[in-house]
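Structural overview
Each chain, written out:
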Amino acid sequence: MAIVAGVDFGTLSVRVTIVDTERGRLSSGTAEYALHRRKDDPDHATQSHEDHMRALAEATLKATAAAHISGGQVAALAIDTTGSSVIPVDAKMQPLDEYYLWCDHRSWREAALITETAHRKKLPAIDWCGGTYSSEWGFSKLLHWLRHNPEKRERFASAFEHCDMVAAVLSGIDDPAKAPRSICAMGHKWMWNDSLGGLPAEDFLVEVDPLLKGVRTKLQGHYATSDKLAGQLAPGWAEKLGLRAGIPIPVGAFDAHWDAVGAGARTGDVVNVVGTSTCIIAMSDDTRLIPGVCGVVPGSVHPRKTGVEAGLSATGDIFEAIARRANSDVAALSQDLASYRAGQTGLLRLTWDNGDRTVLVNPELGGITLGWHLTHSAQDELFAAIEGTAFHTRVILERMEQNGVPIRRVINAGGIPQKNEVLNRVYANVLNKPVLIPKTDVTSLGSAIFAALAAGAFRSLEEAQDALCPEYRVVEPDAKAAKTYEELYGLYRNLYFGFGSASAPAISAGGILPTLRRVAAAARGNA
């Protein structure tokens, strides 16, 4: 038996969960931090490392107090974070700027340059991250920072993903060369590939931009999966967190990957971690390329299996934007959605409001809604957006299955499926598969599982999951709704590839609006 702490850094807050390996979850504590946006630059999204660490201490103290335990009883601490959230540091691990948060897209030009150079130079690593490098990822963000902060370049010693930065700081590591790096983070976002010799070669990086000269060396270090230790909690931070110095801290990972672990995922499962965006996580016993998928990385989820990551650049963010434009909120707009039937709005929505992360990997796309008429409401648009994210998810799952990823179960995790039953129902009907929803929230449970492994409480990841992961409730597809969505999905898929790629063959669009009207009339019983 052990008591451990699992830490999850989200977009707006950090949650610390205290778990007893025999009794399960004891308590949680949360603390918020600011997201820095700019009205003159919608691509800008940063956060302060100092704010993160202050919030971590606050949330940890809340969690132990709520659990009615002393901090000295906590045997291990593990950390997951958003990604790719990147921070440049100096030679003493001091931040040179704020984090480029995962949703910061200022580096879209740099990402396009990396993609073009990679294909021109025939860099094999580009194929392992879907064929297109993203503005959400590490090298593009670092290059953007180097280009726009010439006065700080001389002090630049390295750059870190959020999960690696926090683990290093908590462990008292003040030399960038000694800080372990997560294979999950570096494999999915920095083109690190053990079979290809690690990071892309120096000559490639210099070809992208001479400002990247020497960066490969500055990013070297010990790369590890999360069954290895990043360090032990340093005395100074132990005091701030109210914990015992010296407890183990395993190598961290991204929140979605560990949420999948907390949701009980095994080989054959795909987990939709639905929140502000959607991360789609699966595991495979094989390692093979999947065109348009964000990353295929051995060890990124389960240390001994190949992790597969895909996703939608915005999900909950789209729902929030619709509500905001209507001077409402998502909860209010959702009140009557349970009565909506498949396709009844007559709207078909391509949910590219924040670009396309998978399978087109194109941040320059924008949202499209077809079928508007004068009486449509914001509520109609919200329902169509839920349908649209489900259709996009189906495109992704089909791409994964076509390339050897087994999908026997679909699990909806993350915050939204816990409180939006309409979304779960729509996903089951669009995918025409049963959708499993954990009976309790699994946020930060994956972190607690890896902390428990570091504490020696379990012999394997599977044993820890069997002991700690919640049971599921199941949403079965409705045959009539699934049939309707099968027809609409054919329209959606043609539009998705037709609008989304400049090189796509011409599509016939003349029948789309009449079909949407016919489907809507039938759904309303007016056919």
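Structure: above.
Let me begin by describing the structure that accompanies this report. (Residues numbered from 1 in each chain as written. Predicted model: local features only at pLDDT ≥ 70, side-chain atom pairs only at ≥ 80, totals over all residues. Heavy atoms only, no water.)

1. With respect to the overall build of the protein
- Helix and strand counts for the protein come out as 18 helices and 23 strands.
- Compactness check: the protein gives a C-alpha radius of gyration of 23 Å against a globular reference of 24 Å for 527 residues, within 12% of the reference.
- By its C-alpha atoms, the protein is 70 × 55 × 45 Å across when sized along the principal axes.
- The 527 residues of the protein split such that 62% are buried.
- If you take every contact in the protein between residues at least 6 apart in sequence, the share linking residues at least 24 apart comes to 71%.
- Put simply, the protein shows about 20000 Å² of open surface, and 50% of that area lies on carbon and sulfur atoms.
- Between the mean site of the 53 positive side-chain charges and the mean site of the 60 negative ones, the protein shows a separation of 2 Å. (Helix = DSSP H or I, 4+ residues; strand = E, 2+ residues; numbered from the N terminus. Rg over C-alpha atoms; globule rule 2.2 N^0.38 Å. Buried < 20%, exposed > 50% of the residue type's maximum accessible area, 1.4 Å probe, protein only. Contact = heavy atoms within 4.5 Å. Areas by Shrake-Rupley, 256 points an atom, 1.4 Å probe, with all protein chains shown as cover. Lys, Arg positive; Asp, Glu negative; His and termini not counted. Charge placed at Lys NZ, Arg CZ, Asp CG, Glu CD.)

2. A word on the packing of helix α1 (residues 49-67) against helix α4 (residues 162-170)
- Their axes nearest at 12 Å, the elements α1 and α4 cross at an angle of 60 degrees. At the point where α1 passes α4, the crossing takes the right-handed sense. Between α1, through His49, His52, Met53 and Leu56, and α4, the contact on the second element is made entirely by His162, Met165, Val166, Val169 and Leu170.
- The residue inventory of the contact of α1 with α4, partitioned by class, reads six nonpolar, three polar and no charged. (Axes fitted to C-alpha atoms, helices over the stretch in contact; angles between N-to-C directions. Left-handed = near helix turned anticlockwise from the far one by under 90°. Nonpolar A, V, L, I, M, F, W, Y, C, P; charged D, E, K, R; others polar.)

3. Examining the nonpolar core
- Core analysis: the largest hydrophobic core is formed by 62 residues, its most contacted members being Phe319 and Met400.
- Once residues within four sequence positions are removed from consideration, Phe319 is found in contact with Val330, Leu382, Ala385, Ile386, Thr389, Ile416 and Leu423.
- By size, the runner-up hydrophobic cluster in this structure holds 43 residues, among which are Met53, Leu56, Val89 and Val251. (Core = buried A, V, L, I, M, F, W, Y, C linked by side-chain atoms within 4.5 Å.)

4. What to know about the sheet that holds strand β6 (residues 74-81)
- Taken in spatial order, the five strands make up an open sheet running β3-β2-β1-β6-β14, and their pairing is mixed. Looking at which strands have only one partner, the edges of the open sheet turn out to be β3 (24-32) and β14 (253-254).
- Note: strand β2 (residues 13-20) against β3, eight bridges, orientation antiparallel. The residue of β3 that forms the bridge with Ile18 is Ser27.
- Seen against the sheet, α4 touches β1 (3-9), β6 and β14 and runs at an angle of roughly 150 degrees to β6. (Pairing = 2+ DSSP bridges.)

5. Re the pairing of strand β21 (residues 409-413)
- Most of β21 sits inside the fold, with four of its five residues counted as buried.
- Pairing of strand β15 (residues 269-274) with β21, which is carried by five bridges, proceeds in the parallel orientation. Paired with Val273 across the two strands is Ala413, which belongs to β21.
- The pairing of β21 with strand β22 (residues 435-438) spans two bridges and is parallel. Pairing of Val410 across the sheet is with Val435, part of β22.

6. Thoughts on the side chain of His302
- As for its position among the elements, His302 is in the loop between β17 (295-298) and β18 (306-312).
- His302 sits in the buried class, given a relative accessible area of 4%.
- Side chain to side chain, His302 and Glu462 meet in a polar contact 2.7 Å long.
- If near-sequence neighbours (up to four positions away) are discounted, His302 is found in contact with Met283, Leu461 and Glu462. (Polar contact = N/O pair within 3.5 Å; in protein donor to acceptor, adjacent residues only side chain to side chain.)

7. Section: the pattern of salt bridges
- Applying the stated rule across the entire model yields 27 salt bridges.
- Here Arg325 ties to Glu381 by a salt bridge, and the two come within 3.5 Å at their closest N and O atoms. Note that Arg325 is positioned in helix α10 (residues 316-325) and Glu381 in helix α12 (residues 378-402), a separation of 56 residues in sequence.
- Given the relative accessible area of 54%, Arg325 is considered exposed.
- In this structure, Lys439 and Glu471 form a salt bridge, with 3.6 Å as the shortest nitrogen-oxygen distance. (Salt bridge = Lys/Arg side-chain N within 4 Å of Asp/Glu carboxyl O.)

8. Some details on the packing of aromatic side chains
- The full count for this structure, using the stated rule, is 13 aromatic pairs.
- Summarising the aromatic geometry, the rings of Trp145 and Phe156 are spaced 5.8 Å apart at their centres and angled 45 degrees between planes, so their arrangement reads as tilted. With a gap of 11 residues between them, Trp145 in helix α3 (residues 138-148) and Phe156 in the loop between α3 and β9 (158-161) connect regions that are remote in the sequence. Comparing Trp145 with Phe156 shows no difference in burial state: the two are buried.
- When the centroid spacing of 5.0 Å and the interplanar angle of 45 degrees are considered together, the rings of Tyr340 and Phe383 count as tilted. Residue Tyr340 is found in the loop between α11 (330-333) and β19 (348-350), and its partner Phe383 is found in helix α12; the two are separated by 43 residues along the sequence. Per residue, the accessibility class of Tyr340 equals that of Phe383, and both read buried. (Phe/Tyr/Trp six-rings, centres within 6.5 Å; stacked < 30°, edge-to-face > 60°.)

9. Thoughts on the pairing of β22
- Here β22 shows two buried faces, one formed by Val435 and Ile437 and the other by Leu436 and Pro438.
- As paired elements, β22 and strand β23 (residues 472-475) share four bridges and run antiparallel to each other. Counted as the bridge partner of Leu436 is Val474 from β23.

10. Considerations on the environment of Ser107
- Relative to the helices and strands, Ser107 is located in the loop between β8 (99-100) and α2 (108-120).
- C-alpha of Ser107 to C-alpha of Cys294: the two residues are 187 residues apart in sequence and 17 Å apart in space.
- Looking at Ser107, its side chain comes within polar contact range of the main-chain oxygen of Ser135, at 3.0 Å.

11. Here we look at the sheet that holds β17
- In spatial order, the strands read β17-β18-β16-β15-β21-β22-β23; together these seven strands make up an open sheet with mixed pairing. Two strands close off the open sheet at either side, each with one partner strand: β17 and β23. For this sheet the average axis-to-axis angle between neighbouring strands, irrespective of direction, equals 25 degrees.
- Seen against the sheet, helix α9 (residues 255-262) touches β15, β16 (278-284) and β18 and runs at an angle of roughly 60 degrees to β16.
- Taken strand by strand, helix α14 (residues 421-431) contacts β15, β21, β22 and β23, and its axis lies near 60 degrees from that of β23.

12. What about the environment of Tyr33?
- When you line up the elements, Tyr33 lands in the loop between β3 and β4 (36-38).
- The spacing of Tyr33 and Arg54 is 21 residues in sequence and 8.7 Å in space, taken between C-alpha atoms.
- One polar contact links the side chain of Tyr33 to the main-chain carbonyl oxygen of Gly10, over a distance of 2.7 Å.

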